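# Descriptive structure summary
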Amino acid sequence: MNRLGDLERAVMEVLWQRSEPMTVRDVGRALAERDLAHTTVMTVLDRLAKKGVVDRAREGRAWRYRPAASREDYVSELMFDALGQTGDRDAALAAFVRSMSDAEAEALRRALEGNDEQRT
């Protein structure tokens, strides 16, 4: 799984927030506060497509881009990749849990409880 750079993450946040595919121009407008050149946005989207992070389809002369996976799926895949590289998944998970805030730990508890309910 590819990690994303700062600008790639910003572009993905825009795409994840929208339900419909977006053109380069649409994404550039959504990132207007960054004052990016159209070609910069086009290059970032092209790289994301080559990495498999976004899907694109031609519509007339323009490409329309959409995330290849949800934000949650992307983040969980990164976590699984990181855990797979540790050699000791249990120790890595324990360290991760110890670093959590109370609110994060509570969110994890709720997720685990929901997972237990789905299994029964």
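Here the residue index of a chain counts from 1 through its sequence in written order. In keeping with the model being predicted, local features are shown solely for residues with a pLDDT of at least 70 and side-chain atom pairs are shown and tallied solely at 80 or more, while totals for entire chains, interfaces and linings include all residues. To get the side-chain values, all heavy atoms of the structure are used, and hydrogens and water are removed first.

### Things to note about the overall build of the protein
Helix and strand counts for the protein come out as 6 helices and 2 strands. Reading the protein from its N terminus to its C terminus gives the helix and strand order α-α-α-β-β-α-α-α. C-alpha extents for the protein along the principal axes are approximately 50 × 30 × 25 Å. A total of 120 residues make up the protein; the buried ones form 22% of that total. Long-range pairs, those at least 24 residues apart, make up 51% of the contacts in the protein between residues at least 6 apart in sequence. All accessible areas in this document rest on Shrake-Rupley with a 1.4 Å probe, and a residue is counted as covered only by the protein chains that are shown. Approximately 8500 Å² of the protein is accessible, and the part contributed by carbon and sulfur atoms is 48%. Just so you know, the count uses Lys and Arg for positive and Asp and Glu for negative, and it drops His and the chain ends. Charge positions are represented by NZ for Lys, CZ for Arg, CG for Asp and CD for Glu. The distance from the centre of the 20 positive side-chain charges to the centre of the 22 negative ones in the protein is 8 Å. Secondary structure elements follow DSSP: runs of H or I of four or more residues count as helices, runs of E of two or more count as strands, with numbering from the N terminus. Working definition: with a 1.4 Å probe on protein chains only, accessible area under 20% of the residue-type maximum means buried, over 50% means exposed, and in between means partly exposed. Two residues form a contact once any of their heavy atoms are found within 4.5 Å.

### A few points about a nonpolar patch on the surface
Patches here: salt-bridge-free residues with over 30% relative accessible area, like charges joined within 9 Å, nonpolar side chains (Val, Leu, Ile, Met, Phe, Trp, Tyr) joined within 5 Å. In the sections that follow, a salt bridge refers to a side-chain nitrogen of Lys or Arg positioned within 4 Å of a carboxyl oxygen of Asp or Glu. A cluster of nonpolar side chains, contributed by Val75, Met79, Phe96, Val97, Leu108 and Leu112, occupies part of the molecular surface with about 470 Å² of accessible area. For the nonpolar patch, the secondary-structure elements that each account for two or more residues are helix 4 (71–84), helix 5 (89–98) and helix 6 (102–119). Along the chain, methionine 79 turns up in helix 4.

### Focus: the layout of surface pockets
Within this scheme a cavity is a closed region of a 1 Å grid, computed over the protein atoms alone, that accommodates a 1.4 Å probe without allowing it to escape, whereas a pocket is open but has protein on both sides within 12 Å along at least five of seven lines; lining residues each have an atom within 4 Å of a point. Grid points are joined across faces, edges and corners, and a volume is the space filled by probe spheres set on the points. One number sums up the size of the largest pocket: a volume of about 520 Å³. Forming the walls of the largest pocket are 16 residues, and the residues nearest its centre are Ser76, Met79, Phe80, Phe96 and Leu108. When contributions to the lining of the largest pocket are tallied by element, the ones reaching two or more residues are helix 4, helix 5 and helix 6. When residues in the lining of the largest pocket are grouped by element, the largest group, 7 residues, is from helix 4. Here the nonpolar group is Ala, Val, Leu, Ile, Met, Phe, Trp, Tyr, Cys and Pro; Asp, Glu, Lys and Arg are the charged ones; every other residue, Gly included, is treated as polar. Looking at the lining of the largest pocket, its residues break down into 11 nonpolar, 2 polar and 3 charged. Of all the secondary-structure elements, those providing two or more residues to the lining of the second largest pocket are helix 4 and helix 5. The element contributing the most residues to the lining of the second largest pocket is helix 4, with 4 residues. Across the lining of the second largest pocket, the residue classes tally to 7 nonpolar, 1 polar and 1 charged.

### Examining the packing of aromatic side chains
Any two of the Phe, Tyr and Trp rings considered here, Trp counted by its six-membered ring, make a pair once their centres fall within 6.5 Å; the pair's planes then place it as stacked at under 30 degrees, edge-to-face at over 60, or tilted in between. One pass over the structure, following the stated rule, counts 1 aromatic pair. On the basis of an interplanar angle of 45° and a centroid distance of 5.9 Å, the ring pair of tryptophan 16 and tyrosine 74 is categorised as tilted. With a gap of 58 residues between them, tryptophan 16 in helix 1 (residues 6–17) and tyrosine 74 in helix 4 connect regions that are remote in the sequence. For the pair formed by tryptophan 16 and tyrosine 74, the shared burial category is buried.

### So, unusual backbone geometry
A positive phi is found at aspartate 35, a non-glycine position, where the angle reads about 50°. Inspection of the secondary structure assignment puts aspartate 35 in the loop between helix 2 (24–30) and helix 3 (38–51).

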